[in-house]
Structure formats: C-alpha cells, structure tokens
Amino acid sequence: MTSATITLPTPPLPLKAEARGLDFYYGDFKALKRVTMPVYEHKVTALIGPSGCGKSTFLRCFNRMHDLYPGNRYDGTIQLLPDAVNVLDKSVDPIEVRMRISMVFQKPNPFPKSIFENVAYGLRVRGESSRSYLEDKVEAALKGGAIWDEVRDRLDEVATNLSGGQQQRLCIARALATDPEILLFDEPTSALDPIATGSIEELIHQLKGKVSMLIVTHNMQQAARVSDFVGYMYLGEMVEFGDTKDIFMKPKRKETEDYITGRFG
Amino acid sequence: MAANTDSRTAELRRLIRKAKRWDALFGVLGILSLLAALFTGMAIDGVPRLTGDFFTSFPSRRAANAGILSAWVGSILVMLVTAFFAVPVGIYGGIYLEEYARKNWITTVIEINISNLAGVPSIVYGLLALGLFVYTFGLGQSILSAGLTLALLILPIVIVTTREALRAIPRHVREGAYACGASQWQVVHDHLIPYGMPGILTGVIIGMARAIGETAPIITIGALTFIAFLPPVPGMGEPAAGLFDWLFSPFTVMPIQIFNWTSRPDPAFHQNAAAASFVLVFMTLGMNALAIWLRFRMRKSINW
C-alpha cells in the first residue's frame, strides 16, 4: 500500500499532539504500521475503519494503556504539545501521560463507589483531599458531563445504579474532572441506546472548543456528525486523513470512498 | 383438530412435569442426606448433654462431669493464631501473584505448587510442622505451633480465593482506574481490594472453617488430650503471665477432645463426644453461614 494521504488544513491550526511513524506490536503481531496523524487543539478527530483495523489500538497508545499488558511494544513517536514530550518514550512515566490525557471507554465503567467518589477519584490520586475543592471540581465536572441536574441530589449513591447512558456521562465527567489536555473516546456509544447516544454526541459538541478530543467510532454517521477531522484506517495503516467534510464528500482515496459509501467494511 | 391439539398440549405438560420431578428429587435428596448424615445421630445422642456445665467444665474421668472448656478455648486461641498468620500472608501472596508477579516459568511453577498444596493430606503438614516448628524452631507443643501449622494448611486456600476474587473484577473497571492516572498500588488499594473483599473474606472464613475441624496435624505436633487448665491470661496469675505466654502453653482443641472421648470404652463418653461434635459442627456451619452472609451483604453494593 502507498503511504497515507494526509490533507492538512489551510491555514494551519494549532497542534495538540502528533503521531509520527508509529508502529505497534502485540508480541510478534504488528498492529500499527507507520501511522502518522495530527491531533488539533480543541478539535474533534474521529478514527474510522472496519473492525480490527487498529483504530482502538492507536487510541490506546495515546495514554499508554498497552503498558498494562506484557509483550506490547511501541516504535515511533506521539508528541504531546506544547512541550513536545514523546509520550511513548520509555523514560516518560505512563502515569504522567494518563494524568494529562483522559480516556472514556467503550463500556461505561464507573467504579462501584459513590457518584461523588467516582468523579473525585482522578483528583484524589493527584493528592487532592480538601473537601471544598473536591466539591467544586466534582460539580464543575458533572456539569461538564451534562449529568449534574440528574445526580445533584444523590451524589452519595452508588454509581453503578445509574442507567447506561448516565453511567457513560458520569465517566466523561470523571475524565473531565482533571482538566485533561486530550480526551480519548473508545467507541463511547456502542453500548448505548439511540437516545443515550444522542446525549453523548451532544455533549461532545459542547466540549468542542474546550478540550481536544480523539474518538474511535464504528458508526460513520457519528463520525460525520461530531468530528472536525477524520482518519480512515485499514489493516493497521492510516489510509487517509483530512477535514471531515472532505473525507465524506470527496475522499481522495478509492479505499476511503469504498468504505464510507458502504461498498466495503 | 382442536381436540387433537389439546391432547397434544396435555401430553407435553405431563412430560414436562415428569422431567421436572427429577429437579425436585435432586434437591430434596441432597438436603436430606446432608442433614441425616450430619445431624440426626449426633443430635439424638449429644443434645441432652449440652448444658451450661458442659461448656464450663474441664475434661474429667467421670463422663457426667466432663466438659469442653479447655477444648473450645484452645480451638479459638489456635484459630486466632492461624488467622493472624494466614490472612495477611495469604492475601498479600494472592495480590502479589495476581497483580505484581511477572508471568514467567517461576511464577507458573509457584502457581502450580500452590494449587497442589491445597490438596496435600493434612497429616503431611503435621509432619512438616513437627520437624520445623516444634523441633527446629523450638516452639514446642504449643498453641503457637498449632496455629502456624493450620496457617500453612489454609494458606493455599486463602491465596487461591484471593486471586479468584481479584480475577473476577472486570478488566474495564481496572483500566478505568489506571486511566485516571492511578499507580498500581492505588489501583490495588482503592479498587481491587475493596471490590474483591467479599470473595477474599469468603475464602478466609472457609479456610478457617476447614482449620477448626483439622485433627491429624494437631495430633502430629503433639496436642494433649487431657488438659485441665486454661492457657495463662496476660497479666494474671502468680507470677503474672506475660503478654505472649499463652502462645507457648500446651493445649487441646475440639476435634482432639472428641477423638479422645470416642476412643474410650464407656458409652457415656460417646455421648460427650456426640455433644462436642454437635458444637463443632455448629462452629463450622456458623462460620460458613457468616461467609455467605458477608458475601451477600457486600456484593449488594458491588455490581458491574
């Protein structure tokens, strides 16, 4: 396959992160091949592609999630700006990376603790213990996650009793509580019903302009609705990256066109 | 046509009822045989002997005066020592093997060994303890030796159940905690231990319930069968007993008392044995019931 077709916006936008020549291995299996892609500040970038194309694998490189399991190996760089640190570098502590880059998972994964403690957890691991500070931050995060009105009177209740959509918004609030520089979404609506999906997408719209977001999605309509930029991946490679409108209206590559028109995938 | 369908449904219902009878039979048979095996004979013989005096008297040459005071006190003290060593070491070991240890051939060998140790006959532990604790370490035929022996015996149970409890915590909850920027210890302390606690406690109590009924290893390390005194209470007696003197006291435990009484020819002692067995079974079942209750209570607040 030829190298990726990457169309950068003109005029150039401020970068938040950039993956360059990223290879990733699960043991002997090479799951990502020379992936290069920019992440623009305060924009939503969607990763699309058929199952097994490596989009989730790529996303999980950004917060070094792969470090949790043995046998995984990165090659190449993901630079986080403005300080241009390579988050994949062995000398960079993955905990530091995860403190700067938050993640929302496919399946809502609140802790079986109170709603308050769920949102406060990221702050607690940062050593925050002042009750009033935590209360302010938790309220702000829950408002940011568009769930404050539903839970304001029951912050002490166990979070796992919330509905699926509420749980996912709570997880977004948990991720927001620590003012992340990038928010990663790994198919955040694939376990939710259409109404809950709509509220999550609405929320992503609201967060646009405040947080840089990278979202993996199976759903092309979703990518078209929420994102500013799209990267189409196939078999571990970045095939095409560009402005969402361009990718969906006039893709430059035949493979991209085949995928988004449903002829394949 | 309709009549035909009706008779067909009736036929089907009859078949289903017949098939379900086996479920009922299976359940009833299980409960009945358990109850029958455990209780009936023992209760008939033993219950009349269960008076207050029976719990507050030392063993005696006269069956009617004999009691289980030294036995139940000994059992409880030995259990305390067992829990003191087995619980922290077992939980620590389980967490280490599940969360921290690298997966290589050494840990695989250790894991296989632990699973196998859970199946080693208890007498073997008794022999090990006799050589190690009683002679090599010079701890004597004491409560401490017995507690350590039983701790070794239930250690594999505690380790295995701890690991299973941790493994039951879904991966996405774990990853969620790591994604918040938690260190490994923070994940273990803030999430895995609290969420795994129902399972861990169940393992601990089931292990203890096994230990309290063990006879062979305790006999091997030399528990006495006739003890007419209690271990020294710290600060009491003349001269005042030290804080840890009771650990080195000779002792007896419930199963040994039972064993001793059964081996006597006088049938009156057999009644005592039945009564003591009844108490021991209740202690064991009580601990198991506690495990079930704790698990039920704690699980209520934890669902994924």
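Residues numbered from 1 in each chain as written. Chains lettered and ligands numbered in written order. Predicted model: local features only at pLDDT ≥ 70, side-chain atom pairs only at ≥ 80, totals over all residues.

In terms of regular secondary structure, chain B is built from eleven helices and zero strands. Starting at the N terminus and ending at the C terminus, chain B contains elements arranged as α-α-α-α-α-α-α-α-α-α-α. For chain B, whose C-alpha radius of gyration is 25 Å, the value lies well above the compact-globule estimate of 19 Å for 304 residues. When its C-alpha atoms are laid out on the principal axes, chain B stretches across 90 × 60 × 35 Å. Expressed as a percentage of its 304 residues, the buried residues of chain B come to 38%. (Helix = DSSP H or I, 4+ residues; strand = E, 2+ residues; numbered from the N terminus. Rg over C-alpha atoms; globule rule 2.2 N^0.38 Å. Buried ≥ 20, exposed ≤ 12 C-beta atoms within 10 Å, placed from the backbone.)

A tally of helices and strands in chain A yields ten helices and eleven strands. Taking 2.2 N^0.38 as the reference for a compact globule, 265 residues should give roughly 18 Å; the C-alpha atoms of chain A span a radius of gyration of 18 Å, in line with that estimate. Principal-axis analysis of the C-alpha atoms gives chain A an extent of 55 × 40 × 35 Å. Buried positions account for 48% of the 265 residues belonging to chain A. Across chain A, the fraction of contacts at a sequence separation of at least 24, relative to all contacts at a separation of at least 6, is 70%. (Contact = placed C-beta atoms within 7 Å.)

A few words now on the sheet that holds strand β6 (residues 85-86) of chain A. Residue and element names in this part refer to chain A. Spatial strand order, β3-β2-β5-β6: four strands in an open sheet with antiparallel pairing. Two strands in the sheet have a free side with no partner beyond their single neighbour: β3 (29-40) and β6. Bridging between strand β5 (residues 72-80) and β6 involves two bridges; their strand directions are antiparallel. For Leu-80, the partnering residue across the bridge sits in β6 and is Val-85. The sheet strands contacting helix α1 (residues 55-62) are β2 (15-26), β3 and β5, and the helix crosses β3 at an angle near 65 degrees. (Pairing = 2+ DSSP bridges. Axes fitted to C-alpha atoms, helices over the stretch in contact; angles between N-to-C directions.)

Here we come to the interface of chain A and chain B. The interface of chain A with chain B comprises 20 residues on the first partner and 19 residues on the second. Of all the secondary-structure elements, those providing two or more residues to the side of chain A that touches chain B are α2 (94-100), β7 (101-104) and α3 (115-124) of chain A. Among the elements that make up the side of chain A that touches chain B, the one with the highest residue count is α2 of chain A (three residues). Looking at the side of chain A that touches chain B, its residues break down into twelve nonpolar, five polar and three charged. (Nonpolar A, V, L, I, M, F, W, Y, C, P; charged D, E, K, R; others polar.)

Next up on the list: the nonpolar core. All names here are of chain B. Ranked by internal contacts, the top residues of the largest apolar core, which has 151 residues, are Ile-154, Met-208 and Ala-276. Looking at this core, the element that brings in the most residues is helix α6 (residues 143-167), giving 16 residues. In this view, Ile-154 contacts Thr-82, Ala-86, Gly-207, Met-208, Arg-210 and Ala-211; residues no more than four positions away in its chain are not counted. (Core = buried A, V, L, I, M, F, W, Y, C linked by C-beta atoms within 7 Å.)

What follows concerns helix α7 (residues 171-179) of chain B. Every buried residue belonging to α7 of chain B is among Val-173, Arg-174, Gly-176, Ala-177, Tyr-178 and Ala-179 of chain B, and all of these are buried. Packed against the buried residues of α7 of chain B are α2 and β7 of chain A together with α8 (184-213) of chain B. The first or second residue beyond α7 of chain B is Gly-181 of chain B, which carries a positive phi of 95 degrees.

Confidence along chain B averages 85 in pLDDT terms, with 96% of residues attaining 70 or more. For this predicted complex, the interface confidence score (ipTM) comes to 0.90, while the overall pTM stands at 0.81. (pLDDT = per-residue confidence, 0-100.)

Here we come to helix α7 (residues 194-207) of chain A. It helps to recall that an α-helix has 3.6 residues per turn; residues three or four apart then point in one direction. Residues and elements named next belong to chain A. With 14 residues, α7 extends 20 Å from end C-alpha to end C-alpha; this agrees with the ideal 20 Å at 1.5 Å per step. Among the residues of α7, those classed as buried are Ile-200, Leu-203 and Ile-204. On an axial view of α7, the arc spanned by its buried residues comes to 100 degrees, and they lie on one face. Exposed residues lying more than 90 degrees from the buried face of α7 are Pro-194, Ile-195, His-205 and Gln-206. (Expected span 1.5 Å × (residues − 1). Arc of directions from axis to C-beta.)

All right, on to the packing of helix α4 (residues 105-117) of chain B against α6 of chain B then. Residue and element names in this part refer to chain B. Look at α4 against α6: their axes get within 8 Å of each other, and the N-to-C directions meet at 120 degrees. The orientation of α4 relative to α6 falls into the category oblique. Note that α4 runs across α6; the crossing there is left-handed. Within the contact between the two elements, α4 uses Ile-114, Ser-115 and Leu-117 and α6 uses Pro-156, Ile-159 and Val-160. (Parallel < 35°, antiparallel > 145°, perpendicular 65-115°, else oblique. Left-handed = near helix turned anticlockwise from the far one by under 90°.)

As a general feature of sheets, a regular strand has side chains that alternate between the two faces. All names here are of chain A. Here β7 shows a buried face lined by Ile-101 and Met-103 and a second buried face lined by Ser-102 and Val-104. With four bridges joining them, β7 and strand β8 (residues 182-186) adopt parallel strand pairing. Bridge pairing links Ser-102 to Leu-183 in β8.

Turning our attention to the environment of Thr-36 of chain A. Positionally, Thr-36 of chain A belongs in strand β3. Here Thr-36 of chain A is in contact with Ala-4, Ile-6, Ala-19, Arg-20, Gly-21 and Met-238 of chain A, once residues within four sequence places are set aside.

Bringing the sheet that holds strand β9 (residues 212-216) of chain A into the picture now. Read from one edge of the open sheet, seven strands run β1-β11-β10-β4-β9-β8-β7 (chain A), paired in mixed fashion. Looking at the sheet topology across the chains shown, the edges are occupied by β1 (5-6) and β7 of chain A.

Here we come to unusual backbone geometry. Residues and elements named next belong to chain A. Following Leu-81, the chain continues into Pro-82 via a peptide bond in cis, with omega recorded as 10 degrees. Even without a glycine there, the phi angle at Arg-34 is positive, about 45 degrees. C-beta crowding within 10 Å serves as the criterion here: with 16 such atoms nearby, Arg-34 is assigned to the partly exposed category. The phi torsion at Leu-235 lies on the positive side, around 50 degrees, for a residue other than glycine.

The next point concerns the pairing of strand β11 (residues 237-243) of chain A. All names here are of chain A. Here β11 lies mainly inside the structure; six of its seven residues are buried. Of the strand pairs in this sheet, strand β10 (residues 229-234) and β11 are connected by six bridges, and their pairing is antiparallel. Paired with Gly-231 across the strands is Phe-241, a residue of β11. Counting the residues in the hairpin turn of β10 and β11 gives two residues, including Leu-235, whose phi is positive at 50 degrees.

Turning our attention to the environment of Ile-110 of chain B. For Ile-110 of chain B, the location among the structural elements is in helix α4. In this structure the C-alpha to C-alpha distance between Ile-110 of chain B and Leu-97 of chain B, which are 13 residues apart in sequence, comes to 9.0 Å.

Note that Val-120 of chain B resides in the loop between α4 and α5 (122-136). The sequence separation of Val-120 of chain B and Phe-85 of chain B amounts to 35 residues, and the corresponding C-alpha distance is 20 Å.

What follows is about the packing of helix α3 (residues 69-100) of chain B against α8 of chain B. Residue and element names in this part refer to chain B. Running from N to C, α3 and α8 cross one another at 140 degrees; their axes reach a closest spacing of 9 Å. As far as their axial angle goes, α8 and α3 are oblique. As for how α3 packs across α8, the hand of that crossing is right-handed. When α3 is examined against α8, the residues Ser-75, Met-79, Thr-82, Ala-83, Ala-86, Val-87, Ile-91, Ile-95 and Glu-99 are found in contact with a partner set consisting of Gln-184, Val-188, Leu-192, Ile-200, Val-204, Gly-207, Met-208, Ala-211 and Ile-212. Across the contact of α3 with α8, the residue classes tally to 13 nonpolar, four polar and one charged.

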